[in-house]
Amino acid sequence: MTLLAYRFALDPTPAQERALRSHAGAARVAFNWGLARVKAVMDQRVAEATYGITGEDLTPSISWSLYSLRKDWNAVKDTVAPWWAECSKEAFNTGLDALARALKNWGESRKGKRKGKPVAFPRFKSKHKARPSIRFTTGAIRCETRHAILPRIGRVKLHEDATGLVADVEPGRSRVLSATARYERGRWNAAFTVDTEVSRPAPSDPGAVVGVDLGIKTLAVLSDGTEIPNPRHLSTALGKVRRLSRTASRRQGPYDPPTRRRRSPSNRWRRAAAALGKAQGRVADVRKDSIHKLTTDIARTYATVVIEDLHVAGMVKNRRLARHVADASFAQIRRQLEYKTAWHGGTLIVADRWFASSKTCSECGAVRAKLTLSERTYVCGVCGSVADRDVNAALNLAQYGRNELKVAASGAETRNGRGADRKTGQARQVAVKRQPGTATAGQTGTVPQQRGTASEAAHS
Ligand SMILES: [Zn+2]
């Protein structure tokens, strides 16, 4: 089983948009209600403890599980939200599920059971700041070529074509598990989580090793000399982002530099910020499509793919916008190559962070001490060969991959000592990161299958 996410922009009618908003609002109400309740009990127990009350005399603690939250909500919804029947129960479930997860993460983080940064105690969701979202896991969820069918909301027009999803679901190879409608950057989107058993053919060139050099001026250059340009509208979209961010910075924003305090932003700033968010969304979308195409093509063709380990976390700090966008893409490309090569039974090799792919001569292996960013051509001082800078780097990456494969073939014990991050995998790879939490997509409900869908796909 592989979980895939398909995301489409929606074009809801005004009535549908109102329905989506009110559902998202209901999710927020349920979240805030549950949080207030949990907080009240916790505060009460703390207060009691200071009076010396202990053990069984304390106010009993309450469970944070989705199950108990939902049970408690159902007991009080007539008083707390007398209008509840206007919204699908999925709306309240969305809010309570988010709360259960947030509390679980906080609890585990506090006990040291969770890796990563400490997780803060959940905060109340503000009507103005929270991103409206609602997740449907039961009922009539379907996706057609031009429409999304959501319970209670109805047939919502898609802004784009969903043939890719429908083509997999119709012949019974995939099953829609859930649909999440979310308002982002000025527009509603629907993300379908699909359980798919589509098997993907082995790479068309099974012996081939390809080096992929990622860049800013071009999206990527392959070691066979193929150059994949940046999407056509990227520079226009970037120009718009630059202009709008200047506009926003001239208006009264939420941060007041002289006093270093927060302040209430002006309506003009809010408008500018919304426009900026939309333009940034456009850049992300333009880039996203081309990245998916690139990684799909590579994973389909080559059995072994070698990329650089771009130290992404550090590089994102770079202030230049094009650089910033490219860096964000590198992480995405790497992630997609990881799971897509695994789907096709290929291998992704990530070169050691210190591997000098740009400074090494792909002909003779000599390493230059210095190579400025403006030098677009690599001229070797030792053997005198001349090559395009990016092609040279890609060739070095391919060579690095071949060496790694040789080492791997000669003995498994030396394999991990080389610093190569080898990702091989089987079709079990889960493409969608499952939220660590109380309920997985498959557990919160069952969706009636779309026409022609295989019965009971096995979960793993
Ligand atoms: Zn040379």
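Residues numbered from 1 in each chain as written. Predicted model: local features only at pLDDT ≥ 70, side-chain atom pairs only at ≥ 80, totals over all residues. Heavy atoms only, no water.

**Q** Go over the overall build of the protein, please, and point to the residues and values.
**A** Scanning the protein from N- to C-terminus turns up 9 helices and 17 strands. Counting only residues that meet the buried cut, the protein has 44% of its 460 residues in that class. In the form shown here, the protein has an accessible surface area of approximately 25100 Å², with 52% of it arising from carbon and sulfur atoms. (Helix = DSSP H or I, 4+ residues; strand = E, 2+ residues; numbered from the N terminus. Buried < 20%, exposed > 50% of the residue type's maximum accessible area, 1.4 Å probe, protein only. Areas by Shrake-Rupley, 256 points an atom, 1.4 Å probe, with all protein chains shown as cover.)

**Q** Describe the coordination of the zinc ion, and please don't skip the residues or the numbers.
**A** Around the zinc ion, the protein supplies Cys361 (SG), Cys364 (SG), Cys380 (SG) and Cys383 (SG) as donor atoms, at distances of 2.2 to 2.4 Å. The site at the zinc ion holds 4 donor atoms, and with the angles between them running 107 to 111 degrees, its shape is tetrahedral. Here the donor residues of the zinc ion share one chain and are spaced in sequence as C-x2-C-x15-C-x2-C. You can see cysteine 364 sitting in the loop between β14 (347-350) and β15 (377-379) and its partner cysteine 380 sitting in the loop between β15 and β16 (386-388), a full 16 residues away along the chain. Look at cysteine 364 and you get partly exposed, because its relative accessible area is 38%. Owing to a relative accessible area of 4%, cysteine 380 belongs among the buried residues under this scheme. (Donors = N, O, S within 2.8 Å, 3.2 Å for Na, K, Ca; no water. Tetrahedral: all angles 85-135°; square planar, octahedral: opposite > 155°, others 65-115°.)

**Q** Report on the side chain of serine 88, specifying residues and quantitative values.
**A** By the element assignment, serine 88 lies in the loop between α2 (66-80) and α3 (89-110). The class for serine 88 is buried, based on a relative accessible area of 7%. The contact partners of serine 88, leaving out residues within four places of it in the chain, are His23, Phe136 and Arg152. (Contact = heavy atoms within 4.5 Å.)

**Q** Lay out the pattern of salt bridges with the relevant residues and their values.
**A** All told, the structure shown has 17 salt bridges when counted by the stated rule. Measuring nitrogen to oxygen at the nearest pair gives 3.4 Å for the salt bridge that ties glutamate 144 to arginine 142. Overall, the relative accessible area of 22% leaves glutamate 144 in the partly exposed class. Across the pair arginine 263 and aspartate 256 runs a salt bridge whose closest N-O atoms are separated by 2.9 Å. Connected through salt bridges with shared partners, the residues Arg7, Arg131 and Glu184 form a single ionic network. (Salt bridge = Lys/Arg side-chain N within 4 Å of Asp/Glu carboxyl O.)

**Q** Just give me the short version of the pairing of β14, but keep the residues and values in it.
**A** Burial along β14 is two-sided: Thr347 and Ile349 facing one way and Leu348 and Val350 facing the other are all buried. Pairing geometry for strand β13 (residues 302-307) and β14, over 4 bridges, is parallel. Looking at the pairing, isoleucine 307 lines up with valine 350 of β14. (Pairing = 2+ DSSP bridges.)

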